[in-house]
Amino acid sequence: MQAGIFRILFILTIVFQAGAAWSNWLDYREEHAIVPYGEVKGWRVYAIDHSMSGFLGCGAVKTEPSGPLVLENYQDNWQLVVPTGRGDADRYDGALISFDDRDIDSQFGFEGGHAVSHLTRDEIGFLMQAASLTVAINDEKPLRFNLSGSTAAVLKIRECLDRQGASPSTGAMPAAADDETVYVPSVEACLGGIATETTGATRKIRFTADRSLDFPFDLYWIDFDGKRQPYARLVPGQSIDMETYIGHQWVAELDDDACAYAEITPGLETVIFKYEDF
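Residues numbered from 1 in each chain as written. Predicted model: local features only at pLDDT ≥ 70, side-chain atom pairs only at ≥ 80, totals over all residues. Heavy atoms only, no water.

Helix and strand counts for the protein come out as three helices and 19 strands. Burial statistics for the protein: of 278 residues in total, 49% are counted as buried. Restricting to contacts in the protein with at least 6 residues of sequence separation, those with at least 24 account for 62%. (Helix = DSSP H or I, 4+ residues; strand = E, 2+ residues; numbered from the N terminus. Buried < 20%, exposed > 50% of the residue type's maximum accessible area, 1.4 Å probe, protein only. Contact = heavy atoms within 4.5 Å.)

Right under this line is the structure:
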């Protein structure tokens, strides 16, 4: 199968929760406007703006015994930020990042008492699935972090990106495409820890496999225990209408263990699974 990603077209609506105090990394970004976006499972999510450049991205911070753990999507690049005793003069050094027992060679740059490393899409997937993260920068004591809530944090950051930092509580949202939908990127790896938590009003949804796909995929409802319940197999160009409920979670599971997730929201009518090169 060609390399690619899935995107889900749908409208996002959530309840805004006010943020709290931010980490020193956000204070270090003194030339940026850091705008609280929401809070989810112990992570405080924020938008990053600049007076001249405008919206630049979103991130999330979690307070840990080892120090603040920061995950950002800044100018379309994912990056991990952890505390360090190294000065800016050191510039770069190697490190070993461990997602549970999965070790990855990495490199960190040093800015104002913080170590910054870019993350690939695969590494974001590992982070979402792992229970713990260990960062061992050369000649420094390893830092260990609990990754509870990381899946929710990544999904919240992606939501913030789609809304270009506009809080759901303001009602403001960037102009959408002609079909009044916005894009939310899929996750390459199929994740654990996602379950239907609420049941709202009934909603009729059309699930569609875009003709750009060259393979079928299975569609599942994720139940209250986080188990996938099979509902349909869609081929390119096929659509299926289903009665579901606001708050329910759905996932398209691909043959190569890649997944695309959709949460049913009050304004949602159509979910389109579409292939894109990257």
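Moving on, we come to the confidence of the model for the protein. Mean pLDDT over the protein works out to 78, with 78% of the residues at or above the 70 mark. Note that residues 1-23 has pLDDT below 50 and, in this model, 95 contacts with residues that lie over four places away or in other chains. Taken as a whole, residues 171-185 scores under 50 in pLDDT and shows 35 contacts with residues more than four places along the chain or in a different chain. (pLDDT = per-residue confidence, 0-100.)

Judged by pairing direction, the sheet is antiparallel, and its ten strands sit side by side in the order β2-β3-β4-β5-β6-β9-β8-β7-β10-β11 without closing on themselves. The open sheet is flanked by β2 (33-40) and β11 (143-146), the only strands paired with a single partner. Direction aside, the axes of adjacent strands within the sheet are offset by 30° on average. The pairing of strand β4 (residues 54-64) with strand β5 (residues 67-74) spans eight bridges and is antiparallel. Bridging from a neighbouring strand, Gly59 pairs with Glu72 of β5. Across the sheet, helix α2 (residues 121-129) lies against β5, β6 (77-83), β7 (92-99), β8 (102-111) and β9 (114-119), angled at about 110° from β9, the strand it touches most. On top of the sheet, helix α3 (residues 150-162) reaches β2, β3 (43-50), β4, β5 and β6; it is set at about 165° to β4, its chief contact. (Pairing = 2+ DSSP bridges. Axes fitted to C-alpha atoms, helices over the stretch in contact; angles between N-to-C directions.)

Turning our eyes to something else, we now look at the nonpolar core. Leu71, Leu80, Val82, Phe108 and Leu133 are the most contacted members of the largest nonpolar core, which has 35 residues in total. With five residues, the top contributor of residues to this core is α3. Those residues within four positions of Leu80 in sequence are excluded, and the remaining contacts are Leu69, Val70, Ile97, Phe108, Ala115, Val116, Ser117, Leu119, Leu133 and Val135. If you look at the next biggest cluster of nonpolar residues, it comprises 18 residues, including Ile205, Phe217, Met242 and Trp250. (Core = buried A, V, L, I, M, F, W, Y, C linked by side-chain atoms within 4.5 Å.)

With antiparallel pairing, four strands are arranged side by side in an open sheet as β15-β14-β17-β18. The open sheet has two free edges, formed respectively by β15 (228-234) and β18 (259-263), since each of these has just one partner strand. Along the sheet, successive strands turn relative to each other by an average axial angle of 25°, direction set aside. Bridge count for strand β14 (residues 217-222) against strand β17 (residues 249-253) is five bridges, and the pairing is antiparallel.

The next subject is the state of the cysteines. Within the structure shown, the criterion is met by one disulfide. The disulfide bridge from Cys58 ends at Cys160, spanning 2.0 Å between sulfur atoms. Between Cys58 and Cys160, the S-S torsion sits near -70°, and that sign places the bridge as left-handed. With Cys58 in strand β4 and Cys160 in helix α3, this residue pair connects regions lying 102 residues apart in the sequence. The pair formed by Cys58 and Cys160 is uniform in burial state, with each residue classed as buried. (Disulfide = S-S within 2.5 Å.)

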